[in-house]
Amino acid sequence: MHQPLPAPWDTYALDSDEVKNAYQYFTMQMVDFFQPDYLVIGIEVNLLLNNAPELWPRYVALHQFAFDALKVSYPALPISVSIVSNAFFPDSSPESKLEDQLAGLSDLAPFLDVV
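Residues numbered from 1 in each chain as written. Predicted model: local features only at pLDDT ≥ 70, side-chain atom pairs only at ≥ 80, totals over all residues. Heavy atoms only, no water.

Asks: Just checking my understanding: could you explain the pattern of salt bridges for this structure?
Replies: Close approach of charged atoms allows side chains of opposite charge to pair. For the structure on display, the rule yields 2 salt bridges. We note a salt bridge from R58 to D15, for which the minimum N-O separation is 2.6 Å. Of this pair, R58 sits in helix α3 (residues 56-73) while D15 is found in the segment before α1 (17-34), placing the two residues 43 residues apart along the sequence. The partner of K71 in a salt bridge is D113, and the shortest N-O contact between them spans 2.6 Å. Separated by 42 residues along the polypeptide, K71 in helix α3 and D113 in the segment after α4 (98-108) bring together distant segments of the chain. (Salt bridge = Lys/Arg side-chain N within 4 Å of Asp/Glu carboxyl O. Helix = DSSP H or I, 4+ residues; strand = E, 2+ residues; numbered from the N terminus.)

The following block contains the structure:
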């Protein structure tokens, strides 16, 4: 369920130091608690390219920050994201632009262990 963020979080950019540090802390707490075999740090991330493409560079910066920090503490932990695959098939997802989807995946590729 979508709920508005409380102040001051409602004013922070996705790639602000506050958000990046909070997300890094959260992901590390989850790894320490659950001891996963792999970690997905973003769910259906490529939908952002359809719904708010202007936020994509900020998301990539947040993702890179989290990936880099996690790799320092957990170098063997495979890290990935989930994507909506039909966004790569124009007949299935006419609102998606294949070129944008491929570029977005390319942006994230250096910061993914598994696709």
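Asks: What's the story with the side chain of Q101 in this structure? I'm lost.
Replies: Here Q101 is to be found in helix α4. Beyond its immediate sequence surroundings of up to four residues, Q101 is in contact with N46, L49, N50, A87, F88 and S96. (Contact = heavy atoms within 4.5 Å.)

Asks: Where do I start with the packing of α1 against α3 in this structure?
Replies: Geometrically, a packed helix pair is captured by the angle between its two axes and the distance between the axes. Contact geometry of α1 with α3 gives a least axis separation of 9 Å together with a crossing angle of 40 degrees. With respect to their mutual orientation, α1 and α3 come out oblique. When you trace α1 past α3, the crossing you get is right-handed. Along its contact with α1, which presents V19, K20, N21, Y23, Q24, T27, M28 and V31, the element α3 presents A61, L62, F65, A66, A69, L70 and S73. Its residues assigned to classes, the contact of α1 with α3 shows 10 nonpolar, 4 polar and 1 charged. (Axes fitted to C-alpha atoms, helices over the stretch in contact; angles between N-to-C directions. Parallel < 35°, antiparallel > 145°, perpendicular 65-115°, else oblique. Left-handed = near helix turned anticlockwise from the far one by under 90°. Nonpolar A, V, L, I, M, F, W, Y, C, P; charged D, E, K, R; others polar.)

Asks: Explain the environment of Q101 here, please?
Replies: Classification of Q101 as buried rests on a relative accessible area of 1%. Placed 55 residues apart in sequence, Q101 and N46 show a C-alpha to C-alpha distance of 6.8 Å. Here the side chain of Q101 touches N46 through a polar contact of 2.7 Å, side chain to side chain. (Buried < 20%, exposed > 50% of the residue type's maximum accessible area, 1.4 Å probe, protein only. Polar contact = N/O pair within 3.5 Å; in protein donor to acceptor, adjacent residues only side chain to side chain.)

Asks: Looking at this structure, I do not really get α1. What am I missing?
Replies: Residues lying three or four places apart along an α-helix face the same way, a consequence of the helix completing one turn every 3.6 residues. Compared with the 26 Å implied by 1.5 Å per residue over 18 residues, the 26 Å span of α1 between its first and last C-alpha is a close match. For α1, the full list of buried residues reads V19, K20, T27, M28 and V31. Along the axis of α1, the buried residues cluster in a sector spanning 155 degrees; they form a single face. Opposite its buried face, α1 presents the exposed residues Y25 and F33, each directed more than 90 degrees away. On its buried side, α1 packs onto β1 (39-40) and α3. Downstream of α1 by one or two residues, Q35 has phi in the positive range, about 50 degrees. (Expected span 1.5 Å × (residues − 1). Arc of directions from axis to C-beta.)

The quantities given are spatial measurements derived from coordinates; they are silent on function.
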